[in-house]
Amino acid sequence: MELTHLRYFLEVARTQHVTQSAKNLCIAQPALTQSIHKLEAELDVPLFLNKGRNIVLTEYGQYLYKHLKPLIEDIDFLPKQLHAMAKKNNSTINLNVLAASSLITKAIIQYKKSDKETHFNLIQNEETTLFDICVHTYAEFVSAPFTDDEYFVCSEKIFLAVPNTGDYKTVKKVSLQDLQNENFIELCGSKQFRNICNHYCSKIGFNTKIAFESDNVSAVKDAVAAGIGVGFWPELSWGNVDERKIKLLEISDIDFKRDIVVSFRKTKQDNSRVENFYKFLVEFLKTSGFCIK
């Protein structure tokens, strides 16, 4: 059954007048009559009966009209639905945040002040490639994880956060080798930041004595501030420290740092919104004090 023939049938069934339907459809009456006959031949049932100068639906025609009308209406509505889906998809940025989540959240809040129409779908998945922008971190960045990415790389120092009490009050730099018996507060092993710290500790042959670990950055901050132990602390992405309670010490054994990579993938029909936010995020990181690579 051709869609055009089905549309012609619906119009004739609505008016129950072939001449008037032909005018409404802007086609010749013989062509419309031939189309209806062809549809009846395909279905092998009569759809109309002559009644005086007009025609009426047979029981088969009534059945077809009843079930066909909502289907054609759905088909006609599909372009509008698809357009709405495309508009929503183009205005939604899928952001995979694997590092510096607190800082990225601040960037989104600031961006939304000037662009309320853009929506963000935040995910945290190291395995997925279904994103528009990904914020990743490495101990030493070498190349983009996907060759078709546009990316920006910056770095930040990693300090040792200690309670601002006792002997630490006068210290500015520390060797991890002098902290063999110190309790460490760390993020759980699935976090990239934890893996980076483990990488540098392994390089200098240092094993941390873990007193407490959590998957929550705030919990690590609070534990250090409470004097439960010490912990590694990225200079910028975790925000400012409460200097009354926490002090950041430079680590002398090795250049403790991490690279933060923001990658942008062109996955949409219209990538303009994603590209605008990507450029905003790059500038946000630059003005936040990160070292540009």
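Residues numbered from 1 in each chain as written. Predicted model: local features only at pLDDT ≥ 70, side-chain atom pairs only at ≥ 80, totals over all residues. Heavy atoms only, no water.

One rule of thumb: low pLDDT means the predicted coordinates there are not for detailed reading. Predicted confidence across the chain gives a mean pLDDT of 90, with 98% of residues reaching 70 or more. Of all the helices and strands in the chain, helix α4 (residues 59-91) carries the lowest mean pLDDT, 88, while strand β11 (residues 246-251) carries the highest, 95. (pLDDT = per-residue confidence, 0-100. Helix = DSSP H or I, 4+ residues; strand = E, 2+ residues; numbered from the N terminus.)

Attention now goes to the pairing of strand β10 (residues 231-234). Burial along β10 is two-sided: the face carrying G231 and W233 and the face carrying F232 and P234 are both buried. By the bridge criterion, 4 bridges tie strand β6 (residues 150-163) to β10 in an arrangement that is antiparallel. Bridge pairing in β10 links A161 to G231. (Buried < 20%, exposed > 50% of the residue type's maximum accessible area, 1.4 Å probe, protein only. Pairing = 2+ DSSP bridges.)

Remark: helix α1 (residues 3-15) packs on helix α2 (residues 18-25), axes separated minimally by 9 Å, with the N-to-C direction vectors making an angle of 130 degrees. Taken together, the axis directions place α1 and α2 in an arrangement best described as oblique. In this structure, the crossing between α1 and α2 has a hand that is right-handed. Each of Y8, E11, V12, R14 and T15 in α1 lies in contact with α2, whose residues at this interface are V18, S21, N24 and L25. Here the contact of α1 with α2 is built from residues that sort into 4 nonpolar, 3 polar and 2 charged. (Axes fitted to C-alpha atoms, helices over the stretch in contact; angles between N-to-C directions. Parallel < 35°, antiparallel > 145°, perpendicular 65-115°, else oblique. Left-handed = near helix turned anticlockwise from the far one by under 90°. Contact = heavy atoms within 4.5 Å. Nonpolar A, V, L, I, M, F, W, Y, C, P; charged D, E, K, R; others polar.)

We now examine the packing of aromatic side chains. According to the stated counting rule, one finds 16 aromatic pairs in the structure shown. Centroid distance F120 to F277: 4.7 Å. Interplanar angle 70 degrees. Geometry classified as edge-to-face. Here F120 is found in strand β4 (residues 119-123), whereas its partner F277 is found in helix α8 (residues 272-287), with 157 residues between them in sequence. The cationic tip of K157 hangs over the ring face of F159; the distance from NZ or CZ to the ring centre is 5.8 Å. One cation-aromatic arrangement involves R265 over F131; the distance from NZ or CZ to the ring centre is 5.4 Å. (Phe/Tyr/Trp six-rings, centres within 6.5 Å; stacked < 30°, edge-to-face > 60°. Lys NZ or Arg CZ within 6 Å of the ring centre and 35° of its normal.)

With respect to the helices, strands and loops of the structure, L43 is situated in helix α3 (residues 29-43). Since its relative accessible area comes to 30%, L43 is described here as partly exposed. Here the alpha-carbon distance between L43 and M85, two residues 42 residues apart in the chain, equals 36 Å. In this view, L43 contacts M1 and L64; residues no more than four positions away in its chain are not counted.

Put simply, the largest pocket is a space of about 560 Å³. Lining the largest pocket are 28 residues, and of these A99, A100, S101, V217 and W238 sit closest to its centre. Among the secondary structure elements, those contributing two or more residues to the lining of the largest pocket are α5 (101-112), α6 (192-203) and α7 (217-225). When residues in the lining of the largest pocket are grouped by element, the largest group, 4 residues, is from α5. Among the residues forming the lining of the largest pocket, the class breakdown is 10 nonpolar, 11 polar and 7 charged. (1 Å grid on protein atoms, 1.4 Å probe; cavity = no way out; pocket = protein on both sides within 12 Å on 5 of 7 lines; lining within 4 Å. Points joined across faces, edges and corners; volume = space filled by probe spheres on them.)

Turning next to the side chain of E186. Here E186 lies in strand β8 (residues 183-187). A polar side-chain atom of E186 sits 2.9 Å from a polar atom in the side chain of R194. With sequence-adjacent residues up to four places away left out, E186 is seen in contact with R194, N198, T208, I210, F212, E213, S214, V220 and F232. (Polar contact = N/O pair within 3.5 Å; in protein donor to acceptor, adjacent residues only side chain to side chain.)

Another point: the pairing of β8. With 4 of 5 residues buried, β8 is to be regarded as a mostly interior element. Pairing geometry for β8 and strand β9 (residues 209-214), over 5 bridges, is parallel. Note on β9: the bridge partner recorded for I185 is F212.

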